[in-house]
Amino acid sequence: MKLLFYSCCVLFSCISCKQEAASTEPLVAKRASWKGFGCDLVTDQEVAQLFHFDPDSAILNARSLPDQVFCLRTWQKNDWKERESNNEKAGANYLNPSNRLVVQLFDYSSEVHANQQMQMLRRDRRTTYEEDITDLGEDALWSSSTVTLLVKKGQMVVNIAVEHTDVPHENLAKAKEVAALVLKKL
């Protein structure tokens, strides 16, 4: 009888664990400090999924900076050969053959300082950061001229630069997707 009772307990706990695992979101890496782990904020696999490309055929490169929370990723556009051919023609408009994603995290050590930084950018660099983004993080600004999204969460400000489309403002949608992914990890 005891054996039957223990078997039922083990079976029930296994079923319970499977149901809990199925009902929750995938585990997301959280760190006390991201210094030196900038490329973990958005992994190669996540970049490939967000931007819909095969990292092997598009030649995905990632570069980080030591003791900082910084990651630069580049990969080829689908039509990179045509773009390079175009760029060799006299008088042709330059078309970038590569995509670029930069993710950088700044820790301002307090929410007050992070708020002050965002307000200073809004006040002193309004011509650069021309658009307030209201549906992301605690505060967010977009710059079409630098294709950069800044998003504040607590004492952190995430800087995301995306060059994916040739029209600068169209990069905002992908920058928001990247930011949403990063915010889950902070």
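Up top is the structure these notes are about.
Here is a short report on the structure shown in this document. (Residues numbered from 1 in each chain as written. Predicted model: local features only at pLDDT ≥ 70, side-chain atom pairs only at ≥ 80, totals over all residues. Heavy atoms only, no water.)

## A few points about the overall build of the chain
- Scanning the chain from terminus to terminus reveals five helices and seven strands.
- In the chain, the order of α-helices and β-strands from amino to carboxyl end is α-α-β-β-α-β-α-β-β-β-β-α.
- Going through the 186 residues of the chain one by one, you find that 38% of them count as buried.
- Element-wise, carbon and sulfur atoms account for 56% of the exposed surface of the chain, whose accessible area totals about 11,400 Å². (Helix = DSSP H or I, 4+ residues; strand = E, 2+ residues; numbered from the N terminus. Buried < 20%, exposed > 50% of the residue type's maximum accessible area, 1.4 Å probe, protein only. Areas by Shrake-Rupley, 256 points an atom, 1.4 Å probe, with all protein chains shown as cover.)

## Remarks on the nonpolar core
- Core analysis: the largest hydrophobic core is formed by 33 residues, its most contacted members being Phe51, Leu101, Leu149 and Val178.
- Of all the elements, helix α5 (residues 172-185) adds the most residues to this core, at seven residues.
- Listed in part, the seven residues of the second largest apolar core include Ala114, Leu121, Tyr129 and Leu141. (Core = buried A, V, L, I, M, F, W, Y, C linked by side-chain atoms within 4.5 Å.)

## Some words on the environment of Arg73
- Of note, Arg73 is situated in strand β2 (residues 70-76).
- Distance in space between the C-alpha atoms of Arg73 and Cys39 is 8.6 Å, their sequence separation being 34 residues.
- With residues near it in sequence (within four places) discarded, Arg73 still touches Cys39, Val42, Thr43, Asp44, Val47, Leu60, Asn61, Ala62, Asn99, Arg100 and Leu101.
- A distance of 3.1 Å separates the side chain of Arg73 from the backbone oxygen of Cys39, its partner in a polar contact.
- Looking at Arg73, its side chain comes within polar contact range of the main-chain oxygen of Val42, at 2.7 Å. (Contact = heavy atoms within 4.5 Å. Polar contact = N/O pair within 3.5 Å; in protein donor to acceptor, adjacent residues only side chain to side chain.)

## Some remarks on the sheet that holds β2
- In space, the seven strands of this open sheet follow the order β1-β2-β3-β7-β6-β5-β4, with antiparallel pairing throughout. The open sheet has two edge strands with one neighbour each: β1 (61-64) and β4 (131-132).
- Its contacts with the sheet put helix α4 (residues 111-124) on β4, β5 (139-143), β6 (148-153) and β7 (156-163), and the angle it makes with β5 is roughly 35°. (Pairing = 2+ DSSP bridges. Axes fitted to C-alpha atoms, helices over the stretch in contact; angles between N-to-C directions.)

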